[in-house]
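Chain and residue survey
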Amino acid sequence: MSHSIKIYHNPACGTSRNTLALIRNTGQEPEIIEYLETPPSRNELLMMIEKSGLCVRDAIRQNVEPYTHLKLSEAHWTDEQLIDFMLEYPILINRPFVVTELGVKLCRPSELVLDLLSAPQLHPFHKEDGEIIIDENLQRVDKNI
(Lines give C-alpha, C1' and ligand atoms only; values in the text may rest on other atoms or scores of the structure.)
Protein backbone atom coordinates (compact mmCIF):
# COMPACT_ATOMS: atom_id res chain seq x y z
CA MET A 1 0.00 0.00 0.00
CA SER A 2 1.45 3.36 -0.92
CA HIS A 3 1.17 6.13 1.60
CA SER A 4 0.27 9.56 0.31
CA ILE A 5 1.44 11.12 3.59
CA LYS A 6 4.89 10.84 5.17
CA ILE A 7 5.84 12.23 8.54
CA TYR A 8 9.42 12.49 9.75
CA HIS A 9 8.53 11.82 13.36
CA ASN A 10 10.10 11.90 16.79
CA PRO A 11 7.76 10.20 19.28
CA ALA A 12 9.45 12.06 22.15
CA CYS A 13 8.36 15.43 20.69
CA GLY A 14 4.93 16.81 21.61
CA THR A 15 4.69 18.85 18.39
CA SER A 16 5.45 15.73 16.38
CA ARG A 17 2.87 13.67 18.33
CA ASN A 18 0.19 16.37 17.83
CA THR A 19 0.98 16.52 14.10
CA LEU A 20 0.68 12.74 13.76
CA ALA A 21 -2.62 12.82 15.68
CA LEU A 22 -4.01 15.50 13.34
CA ILE A 23 -3.09 13.33 10.33
CA ARG A 24 -4.76 10.31 11.92
CA ASN A 25 -7.82 12.46 12.71
CA THR A 26 -8.56 12.37 8.95
CA GLY A 27 -8.82 8.57 9.08
CA GLN A 28 -5.54 8.17 7.20
CA GLU A 29 -2.45 6.38 8.43
CA PRO A 30 0.76 8.04 7.24
CA GLU A 31 4.11 6.47 6.59
CA ILE A 32 5.92 7.21 9.85
CA ILE A 33 9.66 7.68 9.56
CA GLU A 34 11.34 7.87 12.94
CA TYR A 35 14.13 9.98 11.55
CA LEU A 36 16.45 9.60 14.56
CA GLU A 37 16.64 5.88 13.72
CA THR A 38 16.16 6.16 9.96
CA PRO A 39 17.49 9.55 8.85
CA PRO A 40 16.50 10.88 5.43
CA SER A 41 19.01 10.67 2.61
CA ARG A 42 20.85 13.84 1.59
CA ASN A 43 18.51 14.19 -1.41
CA GLU A 44 15.38 13.67 0.72
CA LEU A 45 16.54 16.24 3.26
CA LEU A 46 17.44 18.79 0.57
CA MET A 47 14.07 18.22 -1.16
CA MET A 48 12.12 18.71 2.08
CA ILE A 49 13.97 21.91 2.95
CA GLU A 50 13.60 23.32 -0.57
CA LYS A 51 9.93 22.35 -1.05
CA SER A 52 8.98 23.71 2.36
CA GLY A 53 10.43 27.09 1.39
CA LEU A 54 12.95 27.10 4.22
CA CYS A 55 16.63 27.87 4.16
CA VAL A 56 18.94 25.22 5.61
CA ARG A 57 19.40 27.14 8.87
CA ASP A 58 15.60 27.24 9.37
CA ALA A 59 15.54 23.44 9.28
CA ILE A 60 18.11 23.03 12.08
CA ARG A 61 17.13 22.55 15.71
CA GLN A 62 19.15 24.96 17.78
CA ASN A 63 18.22 23.84 21.30
CA VAL A 64 20.13 20.55 21.15
CA GLU A 65 23.62 19.75 22.35
CA PRO A 66 25.33 19.14 18.98
CA TYR A 67 24.29 22.62 17.79
CA THR A 68 26.07 24.30 20.70
CA HIS A 69 29.01 21.89 20.80
CA LEU A 70 29.70 22.27 17.06
CA LYS A 71 29.18 26.06 17.22
CA LEU A 72 26.72 25.87 14.33
CA SER A 73 25.49 29.40 15.02
CA GLU A 74 28.73 30.70 13.48
CA ALA A 75 28.18 32.23 10.06
CA HIS A 76 31.11 30.52 8.32
CA TRP A 77 29.30 27.16 7.94
CA THR A 78 28.05 26.58 4.39
CA ASP A 79 24.67 25.00 3.65
CA GLU A 80 26.51 21.87 2.48
CA GLN A 81 28.39 21.63 5.78
CA LEU A 82 25.19 22.18 7.76
CA ILE A 83 23.46 19.40 5.78
CA ASP A 84 26.43 17.12 6.53
CA PHE A 85 25.99 17.81 10.25
CA MET A 86 22.23 17.17 10.05
CA LEU A 87 22.87 13.80 8.41
CA GLU A 88 25.58 12.90 10.92
CA TYR A 89 23.50 14.09 13.91
CA PRO A 90 19.82 13.61 12.94
CA ILE A 91 18.76 15.26 16.24
CA LEU A 92 19.71 18.51 14.45
CA ILE A 93 16.87 18.04 11.93
CA ASN A 94 13.89 20.10 13.02
CA ARG A 95 10.63 18.20 13.16
CA PRO A 96 8.17 17.14 12.12
CA PHE A 97 8.49 17.45 8.37
CA VAL A 98 5.35 16.23 6.60
CA VAL A 99 5.20 15.34 2.90
CA THR A 100 1.86 14.98 1.07
CA GLU A 101 0.57 15.39 -2.47
CA LEU A 102 -0.23 19.01 -1.50
CA GLY A 103 3.32 19.92 -0.50
CA VAL A 104 5.95 19.80 2.23
CA LYS A 105 6.03 21.68 5.52
CA LEU A 106 7.94 21.80 8.74
CA CYS A 107 4.85 21.54 10.95
CA ARG A 108 5.75 23.86 13.80
CA PRO A 109 3.19 24.57 15.14
CA SER A 110 1.55 21.22 14.50
CA GLU A 111 -1.66 22.69 13.02
CA LEU A 112 0.32 23.72 9.92
CA VAL A 113 -0.21 20.12 8.82
CA LEU A 114 -3.87 20.99 8.15
CA ASP A 115 -2.74 22.92 5.05
CA LEU A 116 -1.24 19.68 3.67
CA LEU A 117 -4.19 17.36 4.25
CA SER A 118 -6.79 16.87 1.54
CA ALA A 119 -9.11 14.84 3.80
CA PRO A 120 -11.22 16.63 6.42
CA GLN A 121 -10.81 16.26 10.16
CA LEU A 122 -13.26 13.65 11.47
CA HIS A 123 -13.42 14.60 15.14
CA PRO A 124 -12.84 17.63 17.37
CA PHE A 125 -9.14 17.88 18.24
CA HIS A 126 -7.09 19.49 20.94
CA LYS A 127 -3.36 19.39 21.44
CA GLU A 128 -1.75 17.59 24.36
CA ASP A 129 -1.58 20.95 26.19
CA GLY A 130 -5.35 21.40 25.75
CA GLU A 131 -5.26 23.99 22.95
CA ILE A 132 -8.30 23.46 20.70
CA ILE A 133 -7.40 23.09 17.02
CA ILE A 134 -10.63 21.57 15.61
CA ASP A 135 -13.82 22.59 17.42
CA GLU A 136 -17.01 20.56 17.99
CA ASN A 137 -18.32 21.76 14.61
CA LEU A 138 -15.15 20.32 13.00
CA GLN A 139 -14.00 23.84 12.15
CA ARG A 140 -10.37 24.90 12.42
CA VAL A 141 -9.86 27.30 15.31
CA ASP A 142 -7.64 30.18 14.28
CA LYS A 143 -6.41 31.91 17.40
CA ASN A 144 -5.10 34.82 15.28
CA ILE A 145 -8.55 36.11 14.34
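Structure first, text after, so check above.
Residues numbered from 1 in each chain as written. Predicted model: local features only at pLDDT ≥ 70, side-chain atom pairs only at ≥ 80, totals over all residues. Heavy atoms only, no water.

Moving on, we get to the packing of aromatic side chains. Following the criterion strictly, the structure yields 1 aromatic pair and no others. Ring centres of W77 and F85 lie 4.9 Å apart, and the angle between their planes is 90°; on these two criteria the pair is classed as edge-to-face. Using a relative accessible area of 19% as the deciding quantity, one classes W77 as buried. (Phe/Tyr/Trp six-rings, centres within 6.5 Å; stacked < 30°, edge-to-face > 60°. Buried < 20%, exposed > 50% of the residue type's maximum accessible area, 1.4 Å probe, protein only.)

Turning our eyes to something else, we now look at the pairing of strand β4 (residues 103–106). Only one face of β4 is buried: it carries V104 and L106, and the other face, with G103 and K105, is open. Bridge count for strand β3 (residues 97–100) against β4 is 4 bridges, and the pairing is antiparallel. Paired with V99 across the strands is V104, a residue of β4. What sits between the antiparallel neighbours β3 and β4 is a turn of 2 residues. (Helix = DSSP H or I, 4+ residues; strand = E, 2+ residues; numbered from the N terminus. Pairing = 2+ DSSP bridges.)

In this fold, N25 is placed in the loop between α1 (14–24) and β2 (31–34). Using a relative accessible area of 8% as the deciding quantity, one classes N25 as buried.

Count 3.6 residues to each turn of an α-helix, and residues three or four apart come out pointing the same way. S16, N18, T19, L20, L22 and I23 are the residues of α1 that are buried. Structurally, α1 contributes buried residues whose contacts are with β1 (6–9), β2, β3, β5 (125–126) and β6 (132–134). (Contact = heavy atoms within 4.5 Å.)

Attention now moves to the packing of helix α2 (residues 42–51) against helix α4 (residues 79–88). Interaxial distance between α2 and α4 falls to 11 Å at its minimum, and their mutual angle equals 120°. The handedness of the crossing between α2 and α4 is right-handed. Contacts between α2 and α4 pair R42, L45, L46 and I49 from the former with E80, I83, D84, M86 and L87 from the latter. Tallied by class, residues from the contact of α2 with α4 come to 6 nonpolar, no polar and 3 charged. (Axes fitted to C-alpha atoms, helices over the stretch in contact; angles between N-to-C directions. Left-handed = near helix turned anticlockwise from the far one by under 90°. Nonpolar A, V, L, I, M, F, W, Y, C, P; charged D, E, K, R; others polar.)

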